[in-house]
Amino acid sequence: VFICLILLTMFLFNKYSILWSTIVTLLISVVIAYLINPLVKHLENRGFKRSIAILIVYLVVIVFLVILGVLVVPRTANQFMNFVYRIPVIMQDFSANFNNFNKQIFENIPVLGNIADKLVTELDSIINVLQEKLFGVMANFASSAPNVLNILIRLVLVPVFAFYFLLDKERLTSGIISIVPKQRQEKFLNVCKDIDLANSQFVRGRLLMALFVGITTMIFLLIMGIDFALVIGIITCIADIIPYIGPFLGFIPAVVIALFQSPLKALIVAIAFVLIQWIENNILAPKILGSSIGMNPLVILLSLILGGGMFGVVGMIFSVPVV
C-alpha cells in the first residue's frame, strides 16, 4: 500500500504541475510564518490579539516594501542592467591591465606568463558564458507571460497562507503532536525544540547579520563613489547568509570594480570588507547567534557543498539548519 501511494503521488505530481507549485508555495509560506512568528509573539506579549499582531507585522513589512520599491528597486534594476551590459568592457580593461602587468612581471619567466595568459582566457570565456545566461534569463522572463502570472499569484498566496499558519499555529501544532503516540510525545517535543533553537540561531541570526553586512557595504561603497554600489550591497547581503563561502561572493566584484577606478580605492574596499566581516564574526555573531549550533566545521562545509549542488543558493542557505 505504501509503495502504491508513493507511485500514485509521483504520477500525480508529474501529470499536474500545479500540485508541485502549490507545495512549494505552502513551504515558502511556512518559512515566512516561522521567521516572523517571534515578532508576532512579542506583540502578543504586549497585549495585542494574535490576529491584530499579525496584521501590524504585515503592515510594517508592506510599508517597508513600498519604500524599497519606490526608492531602491528602480535604481538597483538600472544599475544591474548597466552592470550586465558593462561586463565585456570591464573584462577587456581587466585583460589589458593584466597583460601589461604580466609583461612587466613575468616577461623573464615564460612558464608563469603562459599560465597567467591561460587564466585570463579562461576567465574571459566564463564571463562570456555567464553574460549569455543572464541575457537569456532576462529575455525568457520578459517573454514568458504565464511564468510572470504564476509568480504574481504566488506573491499573493504566500502572505495569505502565512497569515493562516500564524493565526492557527496552536491548532496546527496540537494536530501534529496528536498524531505522535503519547509515549513518544515528550521526546518529539524536545527534538522539535532543539530544531527550533538551531534554526533560530542560524536562519534568523544569519538574516539579521546579512542585512547589517549588506546595508553597511552599500553605504560604504556609495560614500566611496564605487559603481554599482546598490547591486554589490544586495549581492553581499544575500551571499552573507551562506557561511564561509558567502563573504567572498560579495568581496570579489566590489574589489574588481574598485580596481578599475583606482588601486588605492580597491585596497580601501578590501580593508573595509575585512573590517565589516571582523565586526560581524566577533561582535554581532556572539550576540545574535548565541552559542554554537554544535556542528563540526567540516560537516557544515559538506552540507553547503551538497545543498548547493542539489538545490542551488536556497540549498546552501537551508542545508545547515536541515542537517
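Residues numbered from 1 in each chain as written. Predicted model: local features only at pLDDT ≥ 70, side-chain atom pairs only at ≥ 80, totals over all residues. Heavy atoms only, no water.

1. Focus: the pattern of salt bridges
Then comes step 1: Counting across every chain of the model gives three salt bridges.
Then comes step 2: Taking the shortest distance from any N to any O, the salt bridge between R50 and E44 comes out at 2.6 Å.
Then comes step 3: Judged by its relative accessible area of 30%, E44 falls in the partly exposed class.
Then comes step 4: Measuring nitrogen to oxygen at the nearest pair gives 3.4 Å for the salt bridge that ties E170 to K169. (Salt bridge = Lys/Arg side-chain N within 4 Å of Asp/Glu carboxyl O. Buried < 20%, exposed > 50% of the residue type's maximum accessible area, 1.4 Å probe, protein only.)

2. Some points on a nonpolar patch on the surface
Then comes step 1: Together, L59, I62, V63, V66, I67, V70 and L71 give the surface a local cluster of nonpolar side chains, amounting to about 670 Å² of exposed area.
Then comes step 2: Turning to its location among the elements, V66 is positioned in helix 3 (residues 50-106).
Then comes step 3: A residue is classified by how much of its surface remains accessible, and V66, at 48% relative accessible area, is partly exposed. (Patch = residues over 30% accessible without salt bridge, like charges linked within 9 Å, V, L, I, M, F, W, Y side chains within 5 Å. Areas by Shrake-Rupley, 256 points an atom, 1.4 Å probe, with all protein chains shown as cover. Helix = DSSP H or I, 4+ residues; strand = E, 2+ residues; numbered from the N terminus.)

3. Quick word on the confidence of the model for the protein
Detailed conclusions should not be drawn from predicted coordinates in areas where pLDDT is low.
Then comes step 1: Of all residues in the protein, 75% have pLDDT values of 70 or greater, and the mean over the chain is 78.
Then comes step 2: Across the protein, the element-wise mean pLDDT spans from 65 in helix 4 (residues 110-143) up to 89 in helix 1 (residues 2-15). (pLDDT = per-residue confidence, 0-100.)

4. Description of the packing of helix 8 (residues 229-240) against helix 9 (residues 246-261)
Then comes step 1: Here helix 8 crosses helix 9 at 160°, and the two axes come no closer than 6 Å. Between helix 8 and helix 9, the crossing angle belongs to the class labelled roughly antiparallel. The two elements helix 8 and helix 9 cross, and the hand of that crossing is left-handed. For the pair formed by helix 8 and helix 9, the contact residues are I232, I235, T236, A239 and D240 on the first element and G246, P247, L249, G250, P253, A254 and I257 on the second.
Then comes step 2: Its residues assigned to classes, the contact of helix 8 with helix 9 shows eight nonpolar, three polar and one charged. (Axes fitted to C-alpha atoms, helices over the stretch in contact; angles between N-to-C directions. Parallel < 35°, antiparallel > 145°, perpendicular 65-115°, else oblique. Left-handed = near helix turned anticlockwise from the far one by under 90°. Contact = heavy atoms within 4.5 Å. Nonpolar A, V, L, I, M, F, W, Y, C, P; charged D, E, K, R; others polar.)

5. Notes on the packing of aromatic side chains
Then comes step 1: Per the stated rule, a full pass over the model turns up four aromatic pairs.
Then comes step 2: Here F163 and Y164 contribute two aromatic rings whose centre-to-centre distance is 5.6 Å and whose plane-to-plane angle is 85°, an arrangement assigned as edge-to-face.
Then comes step 3: Between the aromatic rings of F251 and F273, the centroid separation amounts to 5.7 Å while the plane-to-plane angle is 85°, which identifies the pairing as edge-to-face. Placement of F251 in helix 9 and of F273 in helix 10 (residues 263-288) is noted, with a sequence separation of 22 residues between them. (Phe/Tyr/Trp six-rings, centres within 6.5 Å; stacked < 30°, edge-to-face > 60°.)

6. Some details on helix 8
Then comes step 1: For helix 8, built from 12 residues, the straight-helix expectation of 16 Å at 1.5 Å per residue is met to within 8% by its first-to-last C-alpha distance of 16 Å.
Then comes step 2: Summarising burial for helix 8: nine of the 12 residues are buried, a large majority.
Then comes step 3: Taken together, the buried positions of helix 8 are A229, L230, V231, I232, G233, T236, C237, A239 and D240. (Expected span 1.5 Å × (residues − 1).)

7. Some thoughts on the environment of F318
Then comes step 1: In this fold, F318 is placed in helix 11 (residues 297-322).
Then comes step 2: For the pair formed by F318 and G308, sequence separation is 10 residues and the distance between their alpha carbons is 9.5 Å.
Then comes step 3: If near-sequence neighbours (up to four positions away) are discounted, F318 is found in contact with V31 and V203.

8. Topic: the side chain of Q277
Then comes step 1: As for its placement among the helices and strands, Q277 is situated in helix 10.
Then comes step 2: A relative accessible area of 14% means that Q277 is categorised as buried.
Then comes step 3: Apart from residues no more than four positions distant in its own chain, Q277 is found in contact with V213, D240 and P247.

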